[in-house]
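# Topology and contacts: notes
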Amino acid sequence: MTEPVIQVEDVSFSYGETLVLEHVTLAIQGGEFLGLVGPNAGGKSTLLRLVLGLLEPQAGRIRVLGRAPRQAVRHIGYVPQYPSFSRDFPISVEQVVLMGRLGIGRLLGRYGKSDRMAAARALEEVEAADLAQRSVGTLSGGQLQRVLLARALVSEPAILILDEPTANVDQRAESDVFGLLAELNQRLTILLVSHDIAFISEYVSRVACLNRTLTCHRTLEIDGDTVRHLYGEHVRQVAHGH
Ligand SMILES: Nc1ncnc2c1ncn2[C@@H]1O[C@H](COP(=O)(O)OP(=O)(O)OP(=O)(O)O)[C@@H](O)[C@H]1O
């Protein structure tokens, strides 16, 4: 078997006294679309921050594309849970997308023709080319999500990491974004955090359940017991056709 694209080996992490991840092991192969689910405060965002090299594990090891996470970060496109700029700030969609080129060594405001072409391609890919000159403050939740996806794609990454990408959008926009991700998965490895295990099971190839410790399930194995074990009895059960 080839080396995993993301390899988390026996990783433990605490914020001070609070143990958040305990002996977590996870290998994501090239071309996988992995859903990471779990209850609030289960450690999902923390695991993403470790994979992005923003935090260091106290125990265990993480490799991304065979390297330390910080050395691989330019090959990762990241869509955060909340945009890292104020929606009131008068900035155009094109400028937001161009910010994704900063990760590959560009200076803010010094973008060349190749950067602008990459931004146009990325917007085209998420079917948002017509929004390029709009102010981000005027976008709907679903449109903003596409623009953030374009910002993640503009550096031409090998891996796409998304933290609850559809938390603030309606169901139709959510399905559209997942349709796009399924297409992007033909060339990118995707790691996606979600609360909604039933919804994402329709799209992802494998689900990793994180509640301080981690358990993996093939999508076909997910049933009511899996969900109850992870979230307790008080969850809304959503039927899905597996
Ligand atoms: N910077 C921090 N300092 C101290 N504790 C933190 C910090 N960030 C997160 N935590 C704590 O670590 C635990 C895990 O948080 P994390 O954000 O990783 O969970 P999550 O699974 O992403 O949650 P959610 O689904 O609510 O976004 C929580 O108890 C949280 O309060």
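Description of the structure in this document. Note that this is a predicted model, so its numbers are computed, not measured.

Time to look at helix H1 (residues 44-51). In terms of burial, H1 is a largely internal element, 6 of the 8 residues being buried. Regarding H1, the residues found buried are Lys-44, Thr-46, Leu-47, Leu-48, Leu-50 and Val-51. The positive-phi residue at the C-terminal boundary of H1 is Gly-53, with phi of around 80 degrees.

The local shell around the ligand consists of Tyr-15, Val-20, Pro-39, Asn-40, Ala-41, Gly-42, Gly-43, Lys-44, Ser-45, Thr-46, Arg-49 and His-195. Gly-42 has a polar backbone atom sitting 3.1 Å from an oxygen atom of the ligand. For the ligand, an oxygen atom lies 2.8 Å from a polar atom in the side chain of Lys-44. In terms of residue count, H1 provides more of the shell around the ligand than any other element does, 4 residues in total.

Further remarks concern the pattern of salt bridges. Enumeration according to the criterion identifies 9 salt bridges in this entry. A salt bridge links Arg-61 to Glu-9, with the nearest nitrogen and oxygen atoms 3.4 Å apart. With Arg-61 in strand S4 (residues 59-64) and Glu-9 in strand S1 (residues 6-15), this pair connects stretches of sequence that are 52 residues apart. Since its relative accessible area comes to 42%, Arg-61 is described here as partly exposed.

Right, let's talk about unusual backbone geometry for a bit. The residue His-23 is not glycine, and still its phi comes out positive at about 50 degrees. Its location among the elements puts His-23 in strand S2 (residues 18-28). Despite not being glycine, Glu-156 shows a phi value in the positive range, around 55 degrees. A relative accessible area of 52% places Glu-156 in the exposed class.

With 43 residues, the main nonpolar core has Val-97, Leu-149, Leu-160, Leu-181 and Ile-190 as its most contacted residues. In terms of residue count, helix H5 (residues 141-153) provides more of this core than any other element does, 7 residues in total. Discounting residues that sit within four places of it in the chain, Ile-190 has contacts with Glu-32, Phe-33, Leu-34, Leu-160, Leu-162, Leu-181, Leu-184 and Asn-185.

Right, let's talk about the sheet that holds S2 for a bit. The strand order across the open sheet built from 3 strands is S2-S1-S4, with neighbouring strands paired in antiparallel fashion. Of all strands in the sheet, those bounded by a partner on one side alone are S2 and S4. Across the sheet, the axes of successive neighbouring strands diverge by a mean angle of 25 degrees, strand direction being ignored. Across 7 bridges, the pairing between S1 and S2 is antiparallel. Among the inter-strand pairings, Gln-7 is bridged to a residue of S2, identified as Ala-27. Of the strands in this sheet, S1, S2 and S4 touch H1, which is tilted by about 120 degrees from S1.

How each quantity is defined
Residues numbered from 1 in each chain as written. Predicted model: local features only at pLDDT ≥ 70, side-chain atom pairs only at ≥ 80, totals over all residues. Heavy atoms only, no water. Buried < 20%, exposed > 50% of the residue type's maximum accessible area, 1.4 Å probe, protein only. Helix = DSSP H or I, 4+ residues; strand = E, 2+ residues; numbered from the N terminus. Near = heavy atom within 4 Å. Polar contact = N/O pair within 3.5 Å; in protein donor to acceptor, adjacent residues only side chain to side chain. Salt bridge = Lys/Arg side-chain N within 4 Å of Asp/Glu carboxyl O. Core = buried A, V, L, I, M, F, W, Y, C linked by side-chain atoms within 4.5 Å. Contact = heavy atoms within 4.5 Å. Pairing = 2+ DSSP bridges. Axes fitted to C-alpha atoms, helices over the stretch in contact; angles between N-to-C directions.

Honestly, it's all geometry; don't read function into it.
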